[in-house]
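What follows is each chain in one-letter form.
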Amino acid sequence: QLQLVESGGGLVQAGGSLRLSCAASGRTFSTYNMGWFRQAPGREREFVVAINWGGIIILSDSVKGRFTISRDNAKNTVYLQMNDLKPEDTAVYYCAANRGRSITVSTRSCDYWGQGTQVTVSS
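Residues numbered from 1 in each chain as written. Predicted model: local features only at pLDDT ≥ 70, side-chain atom pairs only at ≥ 80, totals over all residues. Heavy atoms only, no water.

Hey, could you go over the side chain of Asp89 for me, with residue numbers and the actual values?
For Asp89, the location among the structural elements is in the loop between strand 8 (77-82) and strand 9 (91-98). Accessibility expressed as a relative area gives 1% for Asp89, which makes it buried. Here the side chain of Asp89 touches Arg38 through a polar contact of 2.9 Å, side chain to side chain. Apart from the residues lying within four places of it in its own chain, the contact partners of Asp89 are Arg38, Arg66, Phe67, Asp84, Val119 and Val121. (Helix = DSSP H or I, 4+ residues; strand = E, 2+ residues; numbered from the N terminus. Buried < 20%, exposed > 50% of the residue type's maximum accessible area, 1.4 Å probe, protein only. Polar contact = N/O pair within 3.5 Å; in protein donor to acceptor, adjacent residues only side chain to side chain. Contact = heavy atoms within 4.5 Å.)

Written out as structure tokens, the structure reads:
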């Protein structure tokens, strides 16, 4: 079992930056694959970025060059650094995890989800 709690969302103007955090429970955080998804109003939840337990990162083309994921296993925390934000980045951002195969672009690859944190980017 794993509990995930996101924080760091808010309102930012286009071109600005935010850093989201995902705090995880448990004693075996370092063995989990972690990722971020987002869901805009009226749209399906979509993949953003993931990092597996070995540190391998995969990013969506829509955020490549702007977003970065990192993890601090000592703090049981994964981060999403978002730079050069655009209005189309507006969404609820969800932290996700699994303990098996690597997280993929499919939401069904994830076993655990946080409650989400709202990111709103104004024009």
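Give a description of the state of the cysteines that names residues and reports values.
Throughout the structure, instances matching the rule amount to 1 disulfide. Left without a disulfide partner, Cys110 is nearest to the cysteine sulfur of Cys95, which lies 9.2 Å away. You can call Cys110 buried: its relative accessible area is 9%. (Disulfide = S-S within 2.5 Å.)

Before we move on, could you go through the pairing of strand 1 (residues 4-7) and cite the residues and values that matter?
Where burial is concerned, the two faces of strand 1 differ: the one with Leu4 and Glu6 is buried and the one with Val5 and Ser7 is not. Of the pairings in the sheet, the one linking strand 1 to strand 3 (residues 18-24) comprises 4 bridges and is antiparallel in character. Paired with Glu6 across the two strands is Cys22, which belongs to strand 3. (Pairing = 2+ DSSP bridges.)

Which residues make up the sheet that holds strand 3, and what values go with them?
The strands making up a sheet associate through hydrogen bonds between their backbones, and the pairing can be parallel or antiparallel. Across the sheet, which stays open at both edges, the 4 strands sit in the order 1-3-8-7 with antiparallel pairing between neighbours. The open sheet has two edge strands with one neighbour each: strand 1 and strand 7 (67-72). The mean angle between the axes of side-by-side strands here comes to 15°, regardless of whether they run parallel or antiparallel. Here strand 3 pairs with strand 8 via 6 bridges, running antiparallel. The residue bridging Cys22 from the neighbouring strand is Val78, located in strand 8. (Axes fitted to C-alpha atoms, helices over the stretch in contact; angles between N-to-C directions.)

For the nonpolar core, give the residues involved together with the corresponding values.
In terms of nonpolar packing, the biggest core is built from 27 residues, with Met34, Trp36, Val78, Met82 and Tyr93 touching the most fellow members. Of all the elements in the fold, those that place two or more residues in this core are strand 3, strand 4 (33-39), strand 5 (46-51), strand 7, strand 8, strand 9 and strand 11 (117-122). Phe37, Phe47, Ile103 and Cys110 belong to the second largest nonpolar core, which has 6 residues in total. (Core = buried A, V, L, I, M, F, W, Y, C linked by side-chain atoms within 4.5 Å.)

Give a detailed account of the pattern of salt bridges, specifying residues and quantitative values.
With the rule as written, the count across this model stands at 3 salt bridges. Residue Arg38 pairs with Glu46 through a salt bridge whose shortest N-O separation is 2.7 Å. Its salt-bridge partner being Asp89, residue Arg38 comes within 2.9 Å of it at the nearest N-O pair. On the criterion of sequence distance, the pair formed by Arg38 in strand 4 and Asp89 in the loop between strand 8 and strand 9 is long-range, its members being 51 residues apart. Like Asp89, Arg38 is buried. When salt bridges that share partners are traced, they join Arg38, Glu46, Arg66 and Asp89 into one network. (Salt bridge = Lys/Arg side-chain N within 4 Å of Asp/Glu carboxyl O.)

A description of the pairing of strand 11 should follow, citing residues and the corresponding values.
Only one face of strand 11 is buried: it carries Thr117, Val119 and Val121, and the other face, with Gln118, Thr120 and Ser122, is open. Alignment of strand 2 (residues 10-13) against strand 11, held across 4 bridges, turns out to be parallel. What sits directly across from Gly10, in strand 11, is Val119. Of the pairings in the sheet, the one linking strand 9 to strand 11 comprises 3 bridges and is antiparallel in character. Within strand 11, the residue paired with Tyr93 across the bridge is Thr117.

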